[in-house]
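Per-entry structural report
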Amino acid sequence: MVFVTRGLRDALLELAANAEPERVTVSLAVTPAGDLRGGDDLPPPETPVFTHFYPPDTGGSVTAVFGMDLSIPAGQSQGRFVSHPQGDLEVARTDDLHEAMLVAVPPWRSDSIAAFDRAGRKQRLVVLDAEPPAELL
């Protein structure tokens, strides 16, 4: 089972729609369910919930020079979102794989996004009406 906040899901779908016909790949981060504010339907406090994404263009010049993504702190990305503008709602061989994958296809609605594991097996996607704690920069 993969948990995601409604806000993150909606932001990812909007990001994919705005990038069409190009693909979008972004790294995702989690927050423990116990740190979230919101509904009574939250899973146990230690359950990881996808709440944030790292913008896809962050650190582009550093990545180009060093050949690796140095813009995301080590161990801070537990999943990946991939859009397939002309593809199927499944993990593709060309996707950058991660332990948890969220894949979306047009028409970029709430029913056109699904969760998968690294092997491409579909997982249950649970959308939570919750918000992560406010962060200061």
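Just above sits the structure.
Residues numbered from 1 in each chain as written. Predicted model: local features only at pLDDT ≥ 70, side-chain atom pairs only at ≥ 80, totals over all residues. Heavy atoms only, no water.

Quick look at the overall build of the chain
- Helix and strand content of the chain: two helices and 10 strands.
- Across the 137 residues in the chain, those meeting the buried criterion constitute 37%.
- Within the chain, residue pairs in contact and separated by at least 24 positions form 55% of the contacts whose partners lie at least 6 positions apart.
- A total of about 7900 Å² of accessible surface is found on the chain, and carbon and sulfur atoms cover 52% of it. (Helix = DSSP H or I, 4+ residues; strand = E, 2+ residues; numbered from the N terminus. Buried < 20%, exposed > 50% of the residue type's maximum accessible area, 1.4 Å probe, protein only. Contact = heavy atoms within 4.5 Å. Areas by Shrake-Rupley, 256 points an atom, 1.4 Å probe, with all protein chains shown as cover.)

Details of the sheet that holds strand 1 (residues 2-5)
- What the eight strands build is an open sheet, ordered 8-7-6-5-2-4-1-9; its pairing is mixed. Each edge of the open sheet is held by one strand with a lone partner, namely strand 8 (122-123) and strand 9 (125-128).
- As defined by bridge partners, strand 5 (residues 79-83) adjoins strand 6 (residues 100-104) across four bridges and the pair is classed as parallel. Its bridge partner being in strand 6, S83 is matched across the sheet by A104. (Pairing = 2+ DSSP bridges.)

Focus on the pattern of salt bridges
- Applying the stated criterion to the full structure yields six salt bridges.
- In this structure, R9 engages D10 in a salt bridge whose closest nitrogen and oxygen atoms are separated by 2.9 Å.
- One salt bridge in this structure joins R23 and D95, with 2.5 Å as the shortest N-O distance. Of the two residues, R23 sits in the loop between helix 1 (6-19) and strand 2 (25-32) while D95 sits in the loop between strand 5 and strand 6, which places them 72 residues apart along the sequence. (Salt bridge = Lys/Arg side-chain N within 4 Å of Asp/Glu carboxyl O.)

Brief notes about the nonpolar core
- Within the largest apolar cluster, 17 residues are counted, with the highest numbers of intra-cluster contacts made by L12, L28, F50, F81 and L102.
- Every element with two or more residues in this core is listed here: strand 1, helix 1, strand 2, strand 6 and strand 7 (113-117).
- For this core, the element with the most residues is helix 1, which contributes four residues.
- In contact with F50, other than residues within four places in its own chain, are V2, F3, V4, T5, L8, L28, A29, V30, Q78, G79 and A100. (Core = buried A, V, L, I, M, F, W, Y, C linked by side-chain atoms within 4.5 Å.)

Some thoughts on the environment of A115
- Tracing the backbone shows A115 in strand 7.
- C-alpha separation for the pair A115 and V91, spaced 24 residues apart in sequence, amounts to 9.2 Å.

Observations regarding the pairing of strand 6
- Counting buried positions along strand 6 yields five of five residues, so the element is predominantly enclosed.
- The two faces of strand 6 match: A100, L102 and A104 on one face and M101 and V103 on the other face are all buried.
- Sheet analysis places strand 6 next to strand 7, joined by five bridges and oriented antiparallel. Each residue of the ladder has a partner; that of L102, found in strand 7, is A115.

A look at unusual backbone geometry
- Following E20, the chain continues to P21 via a peptide bond in cis, the omega torsion being 20°.
- Look at the link from P106 to P107: it is a cis peptide, with omega at 15°.
- The topology assignment puts P107 in the loop between strand 6 and strand 7.
- At W108, a residue that is not glycine, the phi angle is positive and equals roughly 60°.
- With respect to the secondary-structure elements, W108 resides in the loop between strand 6 and strand 7.

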